[in-house]
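Structural overview for review
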Amino acid sequence: MYQTRRNSILFLLLLLGVISLLVADISLGAVHIPLNAIFESLTGGKPTKETWEYIILNYRLPKAITAILVGMGLSISGLLMQTLFRNPLAGPYVLGLSSGSSLGVAFVILGAAYLPPFLGNFLISSYGIVIASFFGSLLVLLAVLLVSQKLRDTMAILIVGLMFGSFTSAFVGILSYFSTAEQLQKFTFWSLGNLGNLSWTSVSILAASVGLGLLLSISSIKPLNALLLGENYAKSLGLNYNKARLIIILATSILAGSITAFAGPIAFVGLAVPHITKLVFKTSNHGVLFWGTLFFGAIIMLFCDIVSQVPGTELTLPINAITSIIGAPIVVWLLVRKRNPML
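Residues numbered from 1 in each chain as written. Predicted model: local features only at pLDDT ≥ 70, side-chain atom pairs only at ≥ 80, totals over all residues. Heavy atoms only, no water.

1. A short note on the overall build of the protein
From N to C terminus, the protein includes 15 helices and zero strands. Over its C-alpha atoms, taken along the principal directions, the protein stretches across nearly 60 × 55 × 40 Å. Counting all 343 residues of the protein, 50% fall into the buried class. If you take every contact in the protein between residues at least 6 apart in sequence, the share linking residues at least 24 apart comes to 76%. (Helix = DSSP H or I, 4+ residues; strand = E, 2+ residues; numbered from the N terminus. Buried < 20%, exposed > 50% of the residue type's maximum accessible area, 1.4 Å probe, protein only. Contact = heavy atoms within 4.5 Å.)

In structure tokens:
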């Protein structure tokens, strides 16, 4: 009873945190926008300045929604991978999906000069890069799924994913070696991650993809709880292990692959947020961890997005750098606090 009440209070606080940071993310930036102008724009009214309305509806709101989707999707995929492989260091990109996306984008950005001009110009556009990233991760996903059907050992799948990642990274290195400074700069900017510059159409596609991945994840909550004590225990409970593993891998691939395609490879979030959630909620029940991880993922990404904008200046920092700088010390502090009850 106490635990249920405590969880309810925590969920309420997390929901308020998401709403507060969403409003703050829309308000803060190079141009400060008052709260009343934000509420007027979001409720169909007309703010005092038309430029505020344009900034809110065409730039900051899509970016804030993207941050929420990225935080939720990567955090849940990290939780799935850590439970499936029973490895606290497993993250959303452990299957090599990020490397597959990087290879697709590298072929487009670093190899566009060798293609016909009309095709090269399309591929280096924002949609061309998204398509290349998606197909790169899709190819790795298909390879992992094919191998997973042949392997019974789950840890072997983890090793295969790491090998695919190393294999594709080698090709990216070769392409980089023969590329110009301008091409390398553009590829580097993509690899640093970016939550902005997405149209409402792109945000809608991303939301649909993340929603599908989350639905598959919800259907895996009971299997995940069964997997906590190992594969043999799960099978003794009547779990169809191969089917559950396939759904978990597919859900992770949809979440991580779609997010990488639209926002680039975002580091740290998928690895750390599940640990933060477990330390705060003090439970291993995925019925609780799933929703807690969703909220914490959204909160951390919104906060990192606010910091990356450097409010009050025109400077924008790489989101990847901010997620690691902010997140890593938080996890270390929580772990130390958990080990030492005097803190």
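Right, picking up where we left off after that structure.
2. Digging into the side chain of Asn 320
Tracing the chain through its elements places Asn 320 in helix H15 (residues 319-339). The buried category is assigned to Asn 320, whose relative accessible area is 11%. A polar contact of 2.7 Å, which involves the side chain of Asn 320, links it to the backbone oxygen of Pro 265. Among the polar contacts made by the side chain of Asn 320, one reaches the main-chain amide nitrogen of Ala 267 at a distance of 2.5 Å. (Polar contact = N/O pair within 3.5 Å; in protein donor to acceptor, adjacent residues only side chain to side chain.)

3. Description of the confidence of the model for the protein
Note: predicted coordinates in regions of low pLDDT should not be interpreted at a detailed level. The predicted model of the protein has a mean per-residue pLDDT of 85, with 93% of residues at 70 or higher. The least confident element of the protein, judged by mean pLDDT, is helix H5 (residues 117-123) at 63; the most confident is helix H14 (residues 286-308) at 94. (pLDDT = per-residue confidence, 0-100.)

4. Structural notes on the nonpolar core
Core analysis: the biggest nonpolar cluster contains 81 residues, and Val 70, Met 81, Leu 84, Phe 85, Leu 95 and Met 301 have the highest contact counts within it. Residues within four places of Val 70 in sequence aside, it is in contact with Leu 195, Ile 259, Ala 263, Ile 266 and Met 301. (Core = buried A, V, L, I, M, F, W, Y, C linked by side-chain atoms within 4.5 Å.)

5. A few points about helix H3 (residues 50-85)
Here H3 is 36 residues long and its end C-alpha atoms lie 51 Å apart, about the 52 Å a rise of 1.5 Å per residue gives. Helix geometry: H3 is bent most strongly at Ile 56, by close to 40°. The buried fraction of H3 amounts to 29 of the 36 residues, a majority that puts the element mostly inside the structure. (Expected span 1.5 Å × (residues − 1). Bend = angle between axes of the 7 residues up to and from the residue.)

6. Overview of the pattern of salt bridges
Scanning all chains against the criterion turns up one salt bridge. With a closest N to O distance of 2.9 Å, Lys 63 and Asp 305 form a salt bridge. Taken together, the residues span a long stretch of sequence, with Lys 63 in helix H3 and Asp 305 in helix H14 at a distance of 242 residues. Of the two residues, Lys 63 and Asp 305, both sit in the buried class. (Salt bridge = Lys/Arg side-chain N within 4 Å of Asp/Glu carboxyl O.)

7. Overview of unusual backbone geometry
A positive phi angle is found at Phe 268, which is not glycine, with a value near 75°. Topologically, Phe 268 is positioned in the loop between helix H12 (241-263) and helix H13 (269-281). Backbone geometry at Lys 282 places phi at a positive 55°, although glycine is not the residue there. Residue position: Lys 282 is located in the loop between H13 and H14.

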